[in-house]
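Examination of the molecular architecture
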Amino acid sequence: MGLPQDVWPLMFELTNSVLGAGDPEYQAEVPEEIRGSGEAERQTSMSGEMRMLGYFAEILAQRRKEPKDDLISILLEADVDGERLTEQDILAFCFLIILAGNETTRNAISGGLVTLCEHPEERARLQADMSLIDGAVEEILRWTSPLHHMSRVATEDVEVRGTKIASGDRVFMWYPSANRDEDIFPDPYRFDITRTPNDHLAFGIGEHFCLGAGFARKEMRVMFEELFRRFPDIQVAGPPERLRSNFINGIKHLPVTFTPAR
Ligand code: HEM
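Residues numbered from 1 in each chain as written. Predicted model: local features only at pLDDT ≥ 70, side-chain atom pairs only at ≥ 80, totals over all residues. Heavy atoms only, no water.

**Let's talk about helix 5 (residues 120-128)**
Of the residues making up helix 5, those classed as buried are E122, R123 and L126. One side of helix 5 holds all its buried residues, which, seen down the axis, span an arc of 100°. Helix 5 presents P120, E121 and A128 as exposed residues on the side facing more than 90 degrees away from its buried surface. In the core, the buried residues of helix 5 are packed alongside helix 4 (87-118), helix 6 (133-144), helix 8 (213-230) and strand 7 (235-236). (Buried < 20%, exposed > 50% of the residue type's maximum accessible area, 1.4 Å probe, protein only. Helix = DSSP H or I, 4+ residues; strand = E, 2+ residues; numbered from the N terminus. Arc of directions from axis to C-beta. Contact = heavy atoms within 4.5 Å.)

**Some words on the coordination of the iron atom of the ligand**
The sole protein-derived ligand of the iron atom of the ligand is C210 (SG), positioned 2.3 Å away. Checked against the element boundaries, C210 lands in the loop between helix 7 (175-178) and helix 8. (Donors = N, O, S within 2.8 Å, 3.2 Å for Na, K, Ca; no water.)

**Details of the environment of I251**
Among the structural elements, I251 can be located in strand 9 (residues 251-253). Residues I251 and V114, spaced 137 residues apart in sequence, show a C-alpha to C-alpha distance of 9.7 Å. Each residue touching I251, except ones within four places of it in the same chain, is listed here: N107, S110, G111, V114, P240, E241 and R242.

Quick look at the structure:
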């Protein structure tokens, strides 16, 4: 997006406060006595959203004056069917990209490291032959399902495997469950970096299929290639501290040990 590196920590903080709003660790801005409550979650997420939109509003103003070779400048010039995007469209898109791109991919990477450490044979296979990385990334996505769910509203009556869903019902699509569907994945509780086919739904399906899937796959691949090249003996050294959320399969803190590369 062309954001200067010195604001990356701010983006990390704000995405934590928007999507990790239900976790007391990220509720520092609300009075201590209400931390952990639904009200604390609402206030935390609202404040994160306002700060994020405020930040992007400033960046938009700067890019209007002085365009750069970045996504935000492109969006300012873009049109859809001859119509310019509104300021609100662009702000909402920046907000979505930052949240969707960051909270998911980094948790897929830390979740992947935990999973590989919990399955030392699969990890050894990968480290012995890093050409297996693409399959490993797909299996990590299936296994960790970094987003727990999205939801939809049914537009007509339908029956899915014996369950009636009425038009207007809100439906939650639980990705970890779909990704362990015995009818699709033989032996679904086995972590297998060479699983083929691997038609997981970690990136959703259909019209709203993840816009950043290719980018996320690449980030994960490069991260594991580099991590194992530089720190081949990296190990998880304690229980991961998980995010309190039913939306993001997040890891907040993960102690690891490794021998530093010389
Ligand atoms: C491992 C990483 C990622 C996972 C697991 C993931 C997961 C998902 C899922 C499940 C959806 C479907 C939403 C739905 O059906 O309503 C989605 C949509 C989306 N993702 Fe990702 N995502 C990841 C990385 C990224 C990255 C890196 C970006 C951008 C840089 C991104 C941008 C988006 C956007 C913009 C949408 C909305 C697409 C639409 O509604 O048409 N995601 N993602």
